[in-house]
2 protein chains.
Amino acid sequence: MTSANTASRVPELSPGRTDAIQHKIDRKTKPPGSLGRLEELAVQLGRIQDSLTPEVRSPAMLVFAGDHGATEAGISPYPKEVTAQMVHNFLNGGAAINVFARQNDLLLHVVDAGVDADFPEALLAPIQDAGDSARADAAQSPAKIINAKVRRGTRNFVHEDALNDLELQLCFERGARIAQALAGAGTNAVGFGEMGIGNTSAASLLQTVLTGRALADCVGRGTGHDDAGLQRKREILAQALERFRADHPDSAQLPASGRPEENDESQAQALALLARSALRSFGGLEIAMMSGAMIEAAAQGMLIVVDGYITTAAALAAIAIEPGLRDYCVFAHVSGEQGHRAMLDWLDARPLLDLEMRLGEGTGAALAFSVVAGAANFLNEMASFEDAGVSDRADDPD
Amino acid sequence: MTSANTASRVPELSPGRTDAIQHKIDRKTKPPGSLGRLEELAVQLGRIQDSLTPEVRSPAMLVFAGDHGATEAGISPYPKEVTAQMVHNFLNGGAAINVFARQNDLLLHVVDAGVDADFPEALLAPIQDAGDSARADAAQSPAKIINAKVRRGTRNFVHEDALNDLELQLCFERGARIAQALAGAGTNAVGFGEMGIGNTSAASLLQTVLTGRALADCVGRGTGHDDAGLQRKREILAQALERFRADHPDSAQLPASGRPEENDESQAQALALLARSALRSFGGLEIAMMSGAMIEAAAQGMLIVVDGYITTAAALAAIAIEPGLRDYCVFAHVSGEQGHRAMLDWLDARPLLDLEMRLGEGTGAALAFSVVAGAANFLNEMASFEDAGVSDRADDPD
């Protein structure tokens, strides 16, 4: 069951038309390199689409929701009921992600990966509707939630594995089916976000296990712990980590530091196995389902816009399983959550935005779509020196 | 002529409804503070408009173009003709600023403050049309340029003052009239950008004189100098600074470091006079006209979105003249140009974006408008805990 059955779904991008895209950028009416990060993004988008005129088509936001059994241990200052309440808020259009998705013309989809509540049948849509009718921003009233629920919340990872093998596999497969449905509807760029009271804790545990960073340096205030709450959270997570280490005695040696060497197949395989073990052990359902959806989105040739700390943890696990995924990812922002910057560094990722946001829901990803759009737009719409009759540099009269 | 005839046009913002705005933000369905910089922006916008429901109405971009006599000394690797060529590119919709203004629904206006070229009469619109018909993005073909030309380029600041008193005053007044025309057309948020071959040099000289930072640390590669070009630029600007110091023997002592103490009226007046002297001495026409337009935009109660290094230099001079302007300014991004970060620090300004852009034209400001829109939108559109039936924190059950 832990076999790498999604392995090689995502080959690394070939250089393809990189040189041709760069040449097109360099002929635009601007000093070379002067659009900075937008130029990198334009190259990435062009490589993914193997095109000199890449477009962002029907961009979508996927927000995965799930609950965490460990909330009973007191890892969050919010009651777990807030997860389901916020799902209703998403459906009603009142959350921050609704605002930013509307503003950036993103199709918003809310996925129940494992909320510990039963939603009315009338609000549920099947997974295959992800591509179209089950949009939280659609004119339908009320909006619908994509029903991918694997179970009502994870088990409490302090005492036992959050998920079993079958549940983890279902998360991967349902995530993949959602990505396929989006691709079938014509979406070629997708942002990822999440909602789950307690899920910074699972993300912290994934980070410490997969990157070797000390647990205390991976645990932050989440949605708003005070000092005492932060201390309690650290102690609880230390217990969970101790349990994991006891079950996986080899885990502390892997990886040493930094990502596996390229071409070191055995190191890569060990990391992939470790990522599955860590996802099983800590969850959450929404994190694992994001990992599965990201891998399939890349396999479908989509650009993936990764939100904050928890979503980056899902990408971290997914990239451990499918290293080729990395080329398809844009990291939207660095959040205020402790550990996020280090996680991005480990992924060799530079975030686009630093607006000190720490809300989740995909809010940073939604805002970053305007930068992605800027990259595609300048590549497609700007005039070249030749078109515009503008002189190039005096010292470089080509 | 150097009397502070625009002084006190812009009183500092009163606290006004700050507490009420913050309370409204804190009742939104999100952890307190979790929208980071967007929350600060929402408060600023609400204070400027003295409203709990501030809006961004008919947002506009003003791009001021002007030439610099010092280009004959070799301060730029591009020929000065590029300034006029780029103005035509703006009118034809092919420049980066056209792309980003379209993307963000910004009304784009191009202003000839002092380009060293004659544009065809058919392309010129009077200043009073700034608010409406003279939009480079309007359906009219061809688009028009707002004719505010004070002279064809500045004098060469290496040998003499770039502008005389009358020319500087005309720049201020025409800039102010443009801002008034925009306000009359209903615009309440305006981004500033510029085009002028050689104008990083004028900006560097303004920075060194007004902030006391060593000239070498204010001079960067501009649009793309190599090492030899950078060295030549530094030597030329050192001559210009020497001339200025000889004419203004007191200038080196003012200000010591940092902005004037609050309530130190004589220090503030000295800095205001110095800003006028520096603008006269180094120009450019587009920089001085931006300074005048910013002051009037603030007087009209607009939010001002400041682009990169050169536009920030215009804000630096304008704030030296009218300290109250600072409260109305949003600093869009930190550019790749050396000296910009230090200039922002001196203004106690934190840029919204860091995308390593160094193109000018207002491109950073145009992209930052999406963040500004996000701030207004979340404040106006997000549900409160009460509206949404979402539980607040367990430890803070208010």
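Note: the structure precedes this text.
Note that the coordinates shown come from a computational prediction; the quantities given were computed from them, not determined experimentally.

1. Regarding the overall build of chain A
And then number 1: Within chain A, the secondary structure is distributed over 13 helices and 7 strands.
And then number 2: What you see for chain A is a C-alpha radius of gyration of 21 Å, in line with the 21 Å of a compact globule of 398 residues.
And then number 3: Oriented by its inertia axes, the alpha-carbon framework of chain A measures out at about 70 × 50 × 40 Å.
And then number 4: Of the contacts made within chain A by residues no fewer than 6 positions apart, 78% connect residues no fewer than 24 positions apart.
And then number 5: Of the roughly 13,600 Å² of accessible surface on chain A, 46% is carried by carbon and sulfur atoms.

2. Remarks on the packing of aromatic side chains
Residue and element names in this part refer to chain A.
And then number 1: The final tally for this structure, using the stated rule, is 6 aromatic pairs over all chains.
And then number 2: Aromatic side chains Phe64 and Phe192 sit 6.1 Å apart centroid to centroid with 5° between the ring planes, which places their arrangement in the stacked category. Placement of the pair is Phe64 in strand S1 (residues 60-66) and Phe192 in strand S5 (residues 189-195), with a sequence separation of 128 residues.
And then number 3: On the basis of relative accessible area, Phe192 is assigned to the buried category, the value being 0%.

3. Looking at unusual backbone geometry
Note: most peptide bonds trans; most residues except glycine with negative phi.
And then number 1: Here the amide bond leading from A:Gly283 into A:Gly284 is cis, since omega sits at -5°, within 30 degrees of zero.
And then number 2: Mapped onto the fold, A:Gly284 is located in the loop between helix H8 (265-282) and helix H9 (285-299).
And then number 3: The phi dihedral of B:Ser58 falls on the positive side, at around 40°, and the residue is not glycine.
And then number 4: Inspection of the secondary structure puts B:Ser58 in the loop between helix H2 (37-49) and strand S1 (60-66).
And then number 5: Since its relative accessible area comes to 35%, B:Ser58 is described here as partly exposed.
And then number 6: At B:Glu356, a residue that is not glycine, the phi angle is positive and equals roughly 55°.

4. Comments concerning the relation of the copies chain A and chain B
And then number 1: Each copy of the sequence occupies a distinct position, and chain A is placed on chain B by a rotation of 180° and an axial shift of 0.0 Å, giving an RMSD of 0.0 Å. Taken together, the rotation and translation describe the operation of a two-fold axis. Taking C-alpha positions as the reference, the residue of chain A nearest the rotation axis is A:Leu353, at 3.2 Å.
And then number 2: Most of the interface of chain A is mirrored in chain B: 100% of its interface residues are interface residues there too.

5. A word on the nonpolar core
And then number 1: Counting 288 residues, the largest nonpolar core has A:Phe157, A:Ile304, B:Phe157 and B:Ile304 as the members making the most contacts within it.
And then number 2: If near-sequence neighbours (up to four positions away) are discounted, B:Ile304 is found in contact with B:Val190, B:Phe192, B:Met294, B:Ala297, B:Ala298, B:Leu325, B:Tyr328, B:Cys329 and B:Val330.

6. Section: the pattern of salt bridges
Residue and element names in this part refer to chain B.
And then number 1: On inspection of all chains with the given rule, the structure shows 40 salt bridges over all chains.
And then number 2: With its nearest N and O atoms 3.9 Å apart, the salt bridge here joins Glu55 to Arg57.
And then number 3: A salt bridge links Arg243 to Asp161; the shortest N-O distance between them is 3.0 Å. Taken together, the residues span a long stretch of sequence, with Arg243 in helix H7 (residues 227-247) and Asp161 in the loop between strand S4 (145-147) and helix H5 (165-184) at a distance of 82 residues.

7. Quick word on the pairing of S1(B)
Residues and elements named next belong to chain B.
And then number 1: With 7 of its 7 residues buried, S1 lies for the most part within the structure.
And then number 2: The alternating pattern of S1 places Ala60, Leu62, Phe64 and Gly66 and Met61, Val63 and Ala65 on opposite faces, both of which are buried.
And then number 3: Direction of pairing for S1 relative to strand S2 (residues 107-114): parallel, over a ladder of 7 bridges. The partner of Ala60 across the bridge, within S2, is Leu107.
And then number 4: Sheet topology places S1 next to strand S5 (residues 189-195); 6 bridges connect them, and they run parallel. The partner of Val63 across the bridge, within S5, is Gly193.

Conventions and cut-offs
- Residues numbered from 1 in each chain as written.
- Chains lettered and ligands numbered in written order.
- Predicted model: local features only at pLDDT ≥ 70, side-chain atom pairs only at ≥ 80, totals over all residues.
- Heavy atoms only, no water.
- Helix = DSSP H or I, 4+ residues; strand = E, 2+ residues; numbered from the N terminus.
- Rg over C-alpha atoms; globule rule 2.2 N^0.38 Å.
- Contact = heavy atoms within 4.5 Å.
- Areas by Shrake-Rupley, 256 points an atom, 1.4 Å probe, with all protein chains shown as cover.
- Phe/Tyr/Trp six-rings, centres within 6.5 Å; stacked < 30°, edge-to-face > 60°.
- Buried < 20%, exposed > 50% of the residue type's maximum accessible area, 1.4 Å probe, protein only.
- Least-squares fit on C-alpha atoms with pLDDT ≥ 70 in both.
- Core = buried A, V, L, I, M, F, W, Y, C linked by side-chain atoms within 4.5 Å.
- Salt bridge = Lys/Arg side-chain N within 4 Å of Asp/Glu carboxyl O.
- Pairing = 2+ DSSP bridges.

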